[in-house]
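Commentary on secondary and tertiary structure
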Amino acid sequence: MGVAAKIAPSMLSSDFANLASEAKRMLSLGADWLHMDIMDGHFVPNLTIGAPVIESLRKHTTAYLDCHLMVTNPLDYVDPMGKAGASGFTFHVEVSKENWQELVQKIKAKGMRPGVALKPGTPIEEVYPLVEGEHPVEMVLVMTVEPGFGGQKFMPETMEKVRVLRKKYPSLDIEGITHIYGNGQVDGGLGPSTVDVAASAGANCIVAGSSVFGASEPGQVISLLRKSVQGAQQNN
Ligand SMILES: O=C(CO)[C@H](O)[C@H](O)COP(=O)(O)O
Ligand SMILES: [Fe+2]
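Residues numbered from 1 in each chain as written. Chains lettered and ligands numbered in written order. Predicted model: local features only at pLDDT ≥ 70, side-chain atom pairs only at ≥ 80, totals over all residues. Heavy atoms only, no water.

Below, the discussion takes up the site of ligand 1. The immediate surroundings of ligand 1 are formed by 20 residues, with Asp-37, Gly-148, Gly-151, Gly-209 and Ser-210 found nearest. In the environment of ligand 1, an oxygen atom lies 3.2 Å from a nitrogen or oxygen atom belonging to the side chain of His-68. One of the backbone N or O atoms of Gly-148 is found 2.8 Å from an oxygen atom in ligand 1. Within the complex, the protein chains bury 100% of what would otherwise be the 360 Å² of accessible surface of ligand 1. Secondary structure elements with two or more residues in the shell around ligand 1: β2 (33-39), β3 (64-70) and β10 (205-208). A total of 3 residues in the shell around ligand 1 trace back to one element, the largest contributor, which is β2. (Near = heavy atom within 4 Å. Polar contact = N/O pair within 3.5 Å; in protein donor to acceptor, adjacent residues only side chain to side chain. Areas by Shrake-Rupley, 256 points an atom, 1.4 Å probe, with all protein chains shown as cover. Helix = DSSP H or I, 4+ residues; strand = E, 2+ residues; numbered from the N terminus.)

Another aspect to go through is the environment of His-92. By secondary structure assignment, the location of His-92 is in strand β4 (residues 88-92). On the basis of relative accessible area, His-92 is assigned to the buried category, the value being 0%. (Buried < 20%, exposed > 50% of the residue type's maximum accessible area, 1.4 Å probe, protein only.)

This paragraph deals with the UniProt feature "binding site: substrate" (unreviewed entry) in the protein chain. As recorded in UniProt, the sites labelled "binding site: substrate" (unreviewed entry) are Ser-10, His-68, Gly-148, Phe-149, Gly-150, Gly-151, Gly-189, Gly-209 and Ser-210. Considered against the largest cavity, the annotated residues that line it turn out to be Ser-10, His-68, Gly-148, Phe-149, Gly-150, Gly-151, Gly-209 and Ser-210. Considering the arrangement of structural elements, one finds Ser-10 in the loop between β1 (6-9) and α1 (19-28). Looking at the secondary structure, you find Ser-210 in helix α8 (residues 210-213). A relative accessible area of 29% places Ser-210 in the partly exposed class. (UniProt positions renumbered as here; feature names shortened; annotations may be inferred. 1 Å grid on protein atoms, 1.4 Å probe; cavity = no way out; pocket = protein on both sides within 12 Å on 5 of 7 lines; lining within 4 Å.)

As structure tokens, this is what we get:
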């Protein structure tokens, strides 16, 4: 058996005006985690939510809030996100080369689970010291799209990084973003769906925003994602 599958709908594609009910809907349909995309309008050319919204959502759910920080200064976010009730704090390696050790220790001290994300163009070797450090990160988010926006095309060339990582770290949580639907259409007939590609490469945490929220039956999508991860693990 592999590392437990975690299906994390990205709330970026939800109706932000009804975030609490959207979150409860996803959990009732079988989501394990809620993926929260924090963007600062600087590291990425888009602005979303921050600690105040996490704090508001936390009042409505005890669920694991898997926070992905697409920000230039993640250290500034550790205290506010910890107070707000974030569960996971995933920062980008591209902006944390100098201070990741301090960052990881502070994230843990605030009771959050540290993770590191890398953009499609960033070599996988850059996260090795963070996984092997004295205070290691507990998850690696391999970006399969350029950070900043939901609904982009999956980049299959990023899968080699997932494969290398899974081989090197058999029990690490590896997160990938996938789409099994494109523009509301089943992505079948053209070869294996992107979630199967990611799952067979070794991803066990699956983030999906537009494909879940854009589906007429989001619960079916969530269970398909889970089956894909579990099926790939059985074949390994
Ligand atoms: O980090 C992200 C974008 O920067 C999102 O989490 C991700 O793109 C999920 O949305 P979708 O499945 O629509 O791509
Ligand atoms: Fe994300």
